[in-house]
Amino acid sequence: MNIKEIDKQYIANTYARFDLQLTEGKGSIVKDETGKEYIDLGTGIAVNSFGIGDADWKNAVVAQLDKIQHTSNLYYSGPCAELAKALCERTGLKKVFFSNSGAEANETAIKAARKYGELKKGKEYYTIVTLKNSFHGRTITTLSATGQDVFHAHFTPMTEGFVHATANDISELEALVKAYKCCGVMLELVQGEGGVMPLDKEYVKQVAALAEKEDLLLVVDEVQTGNGRTGTLYAFEQYGIEPDVVTTAKGLGGGLPIGATMLGEKVENLFTPGLNGSTFGGNPVCAAGALSVLNRIDDKLLDEVKQKSEYIFTQLQGAEGVKSVTGLGLMIGIECEKDAGEVIAACMKRGVLVIKAKNKLRLLPALNIPFGQLETAINIVKEELRK
Ligand SMILES: *Cc1c(COP(=O)(O)O)cnc(C)c1O
């Protein structure tokens, strides 16, 4: 049996995989088992922030691997302490809880909001408002938070305590906050899985003001938008708000699993020993890799992200076969006239990997993709959108 057959026989059938096996790569170039090369505009869903086998990242990971690969949270460990310090210094948030994925980072944020509600208003204040068309993860509780009914089917009863508001409609949010005993609001600033839809800046400011007025915890899910992806270290910087909790994962680890829940002033002392935990959370190898990723995201790199973003928007906005281009930084959705699946398959044939979000193409190239490779890939995407 070849790998595809073994996969089909032995791996749970939860993924509709592309007919492609990736075996190795360098930077933004990945290869399949036949040696064919592709320019990668998907980065493992915004995970490989600096592409494949980035030298700095690899050195940091290997150096840590040579020392100790895991300690558990029973002991102090350097890499996660250093990473937490760097995250706090660069965001203004105060403390970090580490886990292993975006869903887990959000689970901790939800725990924080509920405990905050209990502390400030009483146990019955546990409802969290999230947005329709959002995506917050695959655990039962983060699925409950996810405002898309398709994800809830077959798994009911969902965790109670979530209500969903229409994005960019502040009066609906206000009505829900009045109708339910709420402890928090949780949102993505660019709805990634929902089709790469950035929220209106004015709306986000109104949400933040409402959260302040009603003493609700403002939780921003930056699992996908974080870590330089949108042109700033975190997307909230561009929205002029100061969230109480910021979650991230995906690109932070540069290819290794890590989740982080960053806690602001209001909740920095909310957790006490035993209230939360994770066996792998803050694993030294993942943390060392993440610290190297974070250290690479400086103003120069972020300027390049913005320039590449502008280039993509300029090339594709109004191009033949393109209905709309949405997104922020290097997180871009393309609504096309042709079927997105067909465009993706055609691009793959021509050596460009693009992924999907809803019925759109989604581009999530490495933050450091060389400009020439980006140009080649975008030209191919553009041609396939047109044909
Ligand atoms: C991917 C994603 C998640 C879930 O992350 P996992 O690491 O798959 O658990 C949560 N929120 C957002 C916004 C995401 O994009």
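Reading the values: rules and limits
- Residues numbered from 1 in each chain as written.
- Predicted model: local features only at pLDDT ≥ 70, side-chain atom pairs only at ≥ 80, totals over all residues.
- Heavy atoms only, no water.
- Near = heavy atom within 4 Å.
- Polar contact = N/O pair within 3.5 Å; in protein donor to acceptor, adjacent residues only side chain to side chain.
- Areas by Shrake-Rupley, 256 points an atom, 1.4 Å probe, with all protein chains shown as cover.
- Nonpolar A, V, L, I, M, F, W, Y, C, P; charged D, E, K, R; others polar.
- Helix = DSSP H or I, 4+ residues; strand = E, 2+ residues; numbered from the N terminus.
- Buried < 20%, exposed > 50% of the residue type's maximum accessible area, 1.4 Å probe, protein only.
- Contact = heavy atoms within 4.5 Å.
- Pairing = 2+ DSSP bridges.
- Phe/Tyr/Trp six-rings, centres within 6.5 Å; stacked < 30°, edge-to-face > 60°.
- Lys NZ or Arg CZ within 6 Å of the ring centre and 35° of its normal.
- Expected span 1.5 Å × (residues − 1).
- Arc of directions from axis to C-beta.
- Lys, Arg positive; Asp, Glu negative; His and termini not counted.
- Salt bridge = Lys/Arg side-chain N within 4 Å of Asp/Glu carboxyl O.
- 1 Å grid on protein atoms, 1.4 Å probe; cavity = no way out; pocket = protein on both sides within 12 Å on 5 of 7 lines; lining within 4 Å.
- Points joined across faces, edges and corners; volume = space filled by probe spheres on them.
- Domains from an automatic or database assignment.
- Buried area = accessible area lost by both parts, 1.4 Å probe.

## A word on the site of the ligand
Turning to step 1, where the next piece is worked out: The full set of residues close to the ligand is S101, G102, A103, N106, F135, H136, G137, E188, D221, V223, Q224 and K250.
Turning to step 2, where the next piece is worked out: A distance of 2.8 Å separates an oxygen atom of the ligand from a polar backbone atom of G102.
Turning to step 3, where the next piece is worked out: The side chain of Q224 places a nitrogen or oxygen atom 2.7 Å from an oxygen atom of the ligand.
Turning to step 4, where the next piece is worked out: Protein chains shield 82% of the accessible area of the ligand, which is 380 Å² for the free molecule.
Turning to step 5, where the next piece is worked out: Within the shell around the ligand, the residues separate by chemical class into three nonpolar, six polar and three charged.

## A short note on the environment of M1
Turning to step 1, where the next piece is worked out: Assignment of secondary structure puts M1 in the segment before α1 (3-10).
Turning to step 2, where the next piece is worked out: The exposure class of M1 is exposed, given its relative accessible area of 61%.
Turning to step 3, where the next piece is worked out: Ignoring anything within four residues of it in the chain, the contact list for M1 reads I6, Q9 and Y10.

## Side note on the pairing of strand β14 (residues 331-336)
Turning to step 1, where the next piece is worked out: Counting buried positions along β14 yields five of six residues, so the element is predominantly enclosed.
Turning to step 2, where the next piece is worked out: Bridge count between strand β13 (residues 322-328) and β14: six bridges; the pairing is antiparallel. The partner of V325 across the bridge, within β14, is I334.
Turning to step 3, where the next piece is worked out: Hairpin connection from β13 to β14: two residues lie between these consecutive antiparallel strands, with G329 at a positive phi of about 60°.
Turning to step 4, where the next piece is worked out: The pairing of β14 with strand β17 (residues 360-363) spans three bridges and is antiparallel. In the strand pairing of β17, I332 is matched with L363.

## Digging into the packing of aromatic side chains
Aromatic ring pairs are reported here in terms of the distance separating the ring centres and the angle at which the planes meet.
Turning to step 1, where the next piece is worked out: By the definition in use, this model includes two aromatic pairs.
Turning to step 2, where the next piece is worked out: Geometrically, the ring pair formed by Y311 and F371 is edge-to-face, given 4.9 Å between the ring centres and 65° between the ring planes. Linking Y311 in helix α10 (residues 299-316) with F371 in helix α12 (residues 371-386), this pair joins segments that are 60 residues apart in sequence.
Turning to step 3, where the next piece is worked out: The class for Y311 is buried, based on a relative accessible area of 13%.
Turning to step 4, where the next piece is worked out: F371 sits in the partly exposed class, given a relative accessible area of 37%.
Turning to step 5, where the next piece is worked out: Across from the ring centre of F50, 4.2 Å away, lies the NZ or CZ of R296, which sits over that ring.

## Digging into α12
Turning to step 1, where the next piece is worked out: Over its 16 residues, α12 runs 22 Å from end to end, which matches the ideal 22 Å to within 8%, given 1.5 Å per residue.
Turning to step 2, where the next piece is worked out: For α12, the full list of buried residues reads L374, A377, I378, I380, V381, E384 and L385. For α12, the angular spread of the buried residues around the axis is 160°, confining them to a single face.

## Structural notes on the side chain of E222
Turning to step 1, where the next piece is worked out: Following the sequence through the fold, E222 ends up in the loop between β10 (217-221) and β11 (245-248).
Turning to step 2, where the next piece is worked out: Although E222 lies buried, it forms no salt bridge, and the closest oppositely charged side chain, R229, sits 10 Å away as judged by the N-O distance.

## Focus: helix α5 (residues 102-120)
Turning to step 1, where the next piece is worked out: Across its 19 residues, α5 extends 27 Å between first and last C-alpha, which sits within 8% of the 27 Å expected from 1.5 Å per residue.
Turning to step 2, where the next piece is worked out: Here α5 has its buried residues at G102, A103, A105, N106, T108, A109, I110, A112, A113, Y116 and G117.
Turning to step 3, where the next piece is worked out: One or two positions beyond α5, positive phi appears at G122, with a value near 125°.

## Concerning the layout of surface pockets
Turning to step 1, where the next piece is worked out: Of the pockets and cavities examined, the second largest pocket occupies roughly 600 Å³.
Turning to step 2, where the next piece is worked out: In terms of lining, the second largest pocket is formed by 21 residues, of which the most central are N73, V96, F97, F98 and N276.
Turning to step 3, where the next piece is worked out: Residue assignment for the lining of the second largest pocket shows that the elements contributing at least two residues are α4 (78-91) and β4 (95-99).
Turning to step 4, where the next piece is worked out: For the lining of the second largest pocket, the per-class residue count stands at 11 nonpolar, eight polar and two charged.

## Description of the domain arrangement of the protein chain
Turning to step 1, where the next piece is worked out: What the domain assignment reports for the protein chain is domain 1 (3-54 + 299-386) and domain 2 (57-295).
Turning to step 2, where the next piece is worked out: Residue-level contacts link 28 residues of domain 1 with 28 residues of domain 2.
Turning to step 3, where the next piece is worked out: Here domain 1 and domain 2 share an interface that buries about 2300 Å² over both sides, 60% of which is from carbon and sulfur atoms.
Turning to step 4, where the next piece is worked out: A per-residue breakdown of the area domain 1 buries against domain 2 is headed by L328, M331 and K358, which together make up 29% of the total.
Turning to step 5, where the next piece is worked out: Run the count over domain 1 and domain 2 and you get one salt bridge.
Turning to step 6, where the next piece is worked out: Note that E193 is salt-bridged to R362, the shortest N-O span being 2.9 Å.
Turning to step 7, where the next piece is worked out: Our enumeration of links across domain 1 and domain 2 arrives at 12 residue pairs in polar contact (both at pLDDT 80 or more).
Turning to step 8, where the next piece is worked out: Contributing elements (two or more residues each) for the side of domain 1 that touches domain 2: α2 (43-46), α10, β13, β14 and β17.
Turning to step 9, where the next piece is worked out: Its residues assigned to classes, the side of domain 1 that touches domain 2 comprises 15 nonpolar, eight polar and five charged.

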